[in-house]
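Fold and geometry: a report
Take a look at the letters that make up each chain.
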Amino acid sequence: MPKVDDATKKLHDEINDLIKKFKDDQKAKADCTLQEKCGDMGDIPKIRLGPKKILKGHINKVNSVHFAGDSRHCVTGSLDGKLIIWDTWTANKVQIIPLRSAWVMTVAFSPSGNFVACGGMDNQCTVYDVNNRDASGVAKMTRELLGYEGFLSSCRFLDDSHLITGSGDMKICHWDLEKGVKTMDFNGHAGDIAGLSLSADMNTYVTGSVDKTAKLWDVREETHKQMFFGHEMDVNSVCYHPSGFGFASASEDQTARSSITALCKAMKIVLLALAFRLTECVWPLQVGINMCAYGFKFLYEIQQKQTVINN
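Presented here is an overview of the structure given in this document. This one's a predicted model, so the numbers in the text were calculated from it and none came from an experiment. (Residues numbered from 1 in each chain as written. Predicted model: local features only at pLDDT ≥ 70, side-chain atom pairs only at ≥ 80, totals over all residues. Heavy atoms only, no water.)

A word on the pairing of strand 14 (residues 204–209). Where burial is concerned, most of strand 14 is hidden: five out of the six residues are buried. The sheet contact formed by strand 13 (residues 193–198) and strand 14 spans five bridges and is antiparallel. Paired with Leu 196 across the strands is Thr 207, a residue of strand 14. Here strand 13 hands over to strand 14 after five residues, with Met 202 in that stretch at a positive phi of 65°. Judged from the five bridges that link them, strand 14 and strand 15 (residues 214–218) form a sheet pairing that is antiparallel. Note on strand 15: the bridge partner recorded for Val 206 is Leu 216. (Buried < 20%, exposed > 50% of the residue type's maximum accessible area, 1.4 Å probe, protein only. Helix = DSSP H or I, 4+ residues; strand = E, 2+ residues; numbered from the N terminus. Pairing = 2+ DSSP bridges.)

In structure tokens form, the structure reads like this:
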């Protein structure tokens, strides 16, 4: 990390003091805890999980895995210096791609399944075309994306021509892969970026950082839309819910959190306003009640899919 000057350190301390003040205010106004309200509930039914397939082939630690858009093929990156593309239905290897650097930390499969990308301690992101082979018979390297001042912690494809990366130099970069140039390059966090996850519609993404926060971003803009506090240590991993209304984050503080984005909160307010408006109009009262009920039923079904895990 770059050296922090006194003025920046003072600002960080001021922000941390404000966060502590907010937490203290929340505790003072809280009339009960979640544990107290849910203390009389029964245990969650036990679910037995077992492996469907075991993918064997790497001879060292596997650091990253990512599925293609077909939900069948995936790519894994290992410290043995190889990427392996798998058919998860049969557990067969489709391709093996040897890397120039074994210190891979992140891999990504494009939604189309045409490209894979990887990076790590080599401070660069390398893109391979899985449908074209070079003279040695392995996937052809199409781009080496340079210019990072820290390790590459995460990368994700928007499509075959665009890629987003997060890195240890606190930056988020958007790349045009056809031209090999950055279209955006900005500081995303106050510490190393440790994880990145795209929404299903590819319009927004979330990041996690060692600054103990997660942030929500619009792919078109360089300023975050929402910041999420709560973790007491590094946020090492984030994952968007398929609904697009929330995400999960995992931290070194031994907890995982489920967070709801502002869009979902806004929908609740709109539904409430709509229900009250309808009850004030000449429409029957029951119409407003039904509108509100259907709206909250919809939001309830979404939130039921979001799991809160606290260990």
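Still to come is the rest of the account.
Sheet architecture is open: four strands sit in the order 1-2-3-4, paired in antiparallel fashion. Edge strands, defined here as strands with exactly one partner in the open sheet, are strand 1 (62–67) and strand 4 (92–98). Pairwise comparison of adjacent strand axes, ignoring direction, gives a mean angle of 20° for this sheet. Examined bridge by bridge, strand 2 (residues 73–78) and strand 3 (residues 82–87) share five bridges and lie antiparallel to one another. Bridging across to strand 3, Thr 76 finds its partner in Ile 84. (Axes fitted to C-alpha atoms, helices over the stretch in contact; angles between N-to-C directions.)

Turning our attention to helix 1 (residues 6–29). Taking 1.5 Å of rise per residue, 24 residues should cover 34 Å, and helix 1 covers 35 Å from first to last C-alpha, within 8% of that figure. N-cap assignment for helix 1: the residue whose side-chain oxygen lies 3.2 Å from the backbone N of Ala 7 is Asp 5. (Expected span 1.5 Å × (residues − 1). Polar contact = N/O pair within 3.5 Å; in protein donor to acceptor, adjacent residues only side chain to side chain.)

With that out of the way, let us pick up the sheet that holds strand 16 (residues 226–228). In spatial order, the strands read 13-14-15-16; together these four strands make up an open sheet with antiparallel pairing. Single-partner strands in this sheet number two, and they are strand 13 and strand 16. Each neighbouring strand pair of the sheet contributes to a mean axis angle of 20°, computed without reference to strand direction.

Of note, the phi angle at Ala 91 is positive, near 70°, even though the residue is not glycine. Mapping Ala 91 onto the fold places it in the loop between strand 3 and strand 4. Its identity is not glycine, yet Lys 212 carries a phi of approximately 75°, on the positive side. Here Lys 212 shows up in the loop between strand 14 and strand 15. Classification of Lys 212 as partly exposed rests on a relative accessible area of 41%.

One pass over the full model with this rule turns up four aromatic pairs. Seen in terms of ring centroids, Tyr 148 and Trp 175 are 6.2 Å apart; in terms of plane orientation they differ by 50°. Their pairing is tilted. Of this pair, Tyr 148 sits in the loop between strand 8 (139–145) and strand 9 (152–159) while Trp 175 sits in strand 11 (residues 171–176), and the two are 27 residues apart along the sequence. Look at Tyr 148 and you get buried, because its relative accessible area is 7%. According to the relative accessible area criterion, Trp 175 is buried, its value standing at 3%. Aromatic side chains Phe 228 and Phe 247 sit 4.9 Å apart centroid to centroid with 85° between the ring planes, which places their arrangement in the edge-to-face category. Taken as a pair, Phe 228 in strand 16 and Phe 247 in strand 18 (residues 246–251) lie far apart in primary sequence, 19 residues in all. (Phe/Tyr/Trp six-rings, centres within 6.5 Å; stacked < 30°, edge-to-face > 60°.)

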